[in-house]
Protein chains: 2
Amino acid sequence: MGRPRTFEVEEALDAALGVFWRQGFEGTSYADLVAATGVERPALYSAFGNKEALFLKALDRYGSHYGNYVWEAVNLETARAVATRVLKGAVELNTRFADRTGCFGINGALAGSDDSEASRQALIKWRADGEAVLRDRFERAKNEGDLPADADASVLAAYILAVAHGMAVQAKAGFSRERLTAIARQALCAWPQA
Amino acid sequence: MGRPRTFEVEEALDAALGVFWRQGFEGTSYADLVAATGVERPALYSAFGNKEALFLKALDRYGSHYGNYVWEAVNLETARAVATRVLKGAVELNTRFADRTGCFGINGALAGSDDSEASRQALIKWRADGEAVLRDRFERAKNEGDLPADADASVLAAYILAVAHGMAVQAKAGFSRERLTAIARQALCAWPQA
DNA sequence: CTCATTACGTAATGAGCGTTACGTATCTGG
DNA sequence: CCAGATACGTAACGCTCATTACGTAATGAG
């Protein structure tokens, strides 16, 4: 009942995600969002709630449509393959779109006034979730003899993600995919022998 | 001649640096700067110019008073010692102040509207300068036989800084100094044998 | 056809932003 | 002790921000 929507909600959300990806939470204004989505302000409010809610919905979409490479990688057979895939996924995603390089989850997580604290906490949680998944996977690898018994799964997970995050920063600074790939290869030299 | 200043310029600059460090360029308002420095707006303008100029001066001060560990590290004797010191310096700086964790040069570099593009470019340049210094040092190490002849100095420099940047992100997410130290130790396992 | 319901775009709201004009206060050189 | 110069705080400027009230348009149910 009632008048039907004249725009695709998922399409608009994806466009908004792109703006947040490039400019972060505070750096994005409703004028930017209207320009990117082609949807007027009140329609954005009625579809997504306020700016913070819209950002959180965009983060959700990012997690399920773009930044899910960690959750996919843990299905691989060996810990080394998992680590390799995570770094490869990071390189690929960080350089996939020339107009929004780096990682959505990191670009917005670092600086900002108190107004953006909620968004920042959501991004920190998202990051921590990925790390926990990776740690559990490496813990399993130790039980399976895939990693040495004295390996620290928690440190290895944090290490791999540190490299991934560092590459996200470098991607934002304009690093090419080839350069990031070389860095990832170098990073994997630190991987413990089974 | 004329009425003398009633505040210490360097002191005020350091206070402003602290705010930019925590909140980034866009996330910092003049209300924040006045509160932190104890200096009224017009006095900040007359002493430092506008917000962008003040930010650039703060970046200068950061580079000379805080983020100079790369430039110090390259004086050490071996490439491995240099890499170790860079990572140790990053850990130390990223966790030195509980109220402004992470790296000034990275917190502000990632997201933002077009208004902050100049500040972002300055930070990107600062990062690239550090990388160049590190690369040159590793290049020298190759000539001195300190690094294998087939080592890629450029990739090694980028790798070490990727880890440093990643740790800065993690520091912002609340990682302890001990945890970051463990990550740095893991990262150095990738270092080539002489 | 009527009506409740929902979405639409226009245009406005109050708050906060970066920036500065202005009058006053305090210094030094003559 | 006056004149020129500089710094001071108050208070305002124009602009943009996120948010929303409101009248209109479009739908489906009865």
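Keep in mind that what you see is a predicted model, and the values were worked out from it rather than measured.

### Side note on the packing of helix 6 (residues 79-94) of chain B against helix 10 (residues 177-188) of chain B
Residues and elements named next belong to chain B.
Link 1 in the chain: Contact pair helix 6 / helix 10: the axes reach a minimum separation of 9 Å and the direction vectors enclose 160°. One element, helix 6, and the other, helix 10, form an angle in the roughly antiparallel class. For the pair helix 6 and helix 10, the crossing hand works out as right-handed. Between helix 6 and helix 10, the contacting residues are Arg 80, Ala 83, Thr 84, Leu 87, Val 91 and Glu 92 on the first element and Arg 177, Leu 180, Thr 181, Ala 184, Ala 187 and Leu 188 on the second.
Link 2 in the chain: A breakdown of the residues in the contact of helix 6 with helix 10 according to their chemical character gives 7 nonpolar, 2 polar and 3 charged.

### Some details on the environment of Arg 96 of chain B
All names here are of chain B.
Link 1 in the chain: As for its placement among the helices and strands, Arg 96 is situated in the loop between helix 6 and helix 7 (104-107).
Link 2 in the chain: Its relative accessible area of 37% is what places Arg 96 among the partly exposed residues.
Link 3 in the chain: Taking the C-alpha atoms as reference points, Arg 96 and Arg 177, separated by 81 residues in sequence, lie 8.8 Å from one another.
Link 4 in the chain: At 2.9 Å, the side chain of Arg 96 and the side chain of Glu 92 are in polar contact.

### Things to note about the protein's contact with DNA strand C
Link 1 in the chain: The immediate surroundings of DNA strand C are formed by 22 residues, with Arg 3 and Pro 42 of chain A together with Tyr 30, Tyr 45 and Lys 51 of chain B found nearest.
Link 2 in the chain: Protein-proximal atoms of DNA strand C, defined as those within 4 Å of the protein, fall in sugar or phosphate at a share of 65%.
Link 3 in the chain: Between DNA strand C and Tyr 30 of chain B, the relevant distance is 2.7 Å, taken from a phosphate oxygen to a main-chain nitrogen or oxygen of the residue.
Link 4 in the chain: The separation between a phosphate oxygen of DNA strand C and a polar side-chain atom of Tyr 45 of chain B is 2.8 Å.
Link 5 in the chain: Residue assignment for the surface near DNA strand C shows that the elements contributing at least two residues are helix 3 (41-48) of chain A together with helix 3 (41-48) of chain B.
Link 6 in the chain: Ranked by the residues each element gives to the surface near DNA strand C, the list is headed by helix 3 of chain B, at 3 residues.

### Overview of the nonpolar core
Link 1 in the chain: Ranked by size, the top nonpolar core spans 137 residues in total, and within it Phe 138 and Tyr 159 of chain A together with Phe 138 and Tyr 159 of chain B carry the most contacts.
Link 2 in the chain: Each residue touching Tyr 159 of chain B, except ones within four places of it in the same chain, is listed here: Tyr 159, Val 163, Ile 183, Gln 186, Ala 187 and Ala 190 of chain A together with Ala 187 and Ala 190 of chain B.

### Examining the pattern of salt bridges
Link 1 in the chain: Enumeration according to the criterion identifies 26 salt bridges over all chains in this entry.
Link 2 in the chain: Linking Glu 117 of chain A and Arg 120 of chain A is a salt bridge whose minimum nitrogen-to-oxygen distance equals 2.4 Å. Of this pair, Glu 117 of chain A and Arg 120 of chain A both sit in helix 8 (residues 117-143), 3 residues apart, roughly one helical turn.
Link 3 in the chain: Given a relative accessible area of 6%, Arg 120 of chain A falls into the buried group.
Link 4 in the chain: The partner of Arg 100 of chain B in a salt bridge is Asp 99 of chain B, and the shortest N-O contact between them spans 3.8 Å.
Link 5 in the chain: Residues participating in the shared-partner salt-bridge network are Glu 10, Asp 14 and Arg 61 of chain A.

How each quantity is defined
- Residues numbered from 1 in each chain as written.
- Chains lettered and ligands numbered in written order.
- Predicted model: local features only at pLDDT ≥ 70, side-chain atom pairs only at ≥ 80, totals over all residues.
- Heavy atoms only, no water.
- Axes fitted to C-alpha atoms, helices over the stretch in contact; angles between N-to-C directions.
- Helix = DSSP H or I, 4+ residues; strand = E, 2+ residues; numbered from the N terminus.
- Parallel < 35°, antiparallel > 145°, perpendicular 65-115°, else oblique.
- Left-handed = near helix turned anticlockwise from the far one by under 90°.
- Contact = heavy atoms within 4.5 Å.
- Nonpolar A, V, L, I, M, F, W, Y, C, P; charged D, E, K, R; others polar.
- Buried < 20%, exposed > 50% of the residue type's maximum accessible area, 1.4 Å probe, protein only.
- Polar contact = N/O pair within 3.5 Å; in protein donor to acceptor, adjacent residues only side chain to side chain.
- Near = heavy atom within 4 Å.
- Core = buried A, V, L, I, M, F, W, Y, C linked by side-chain atoms within 4.5 Å.
- Salt bridge = Lys/Arg side-chain N within 4 Å of Asp/Glu carboxyl O.

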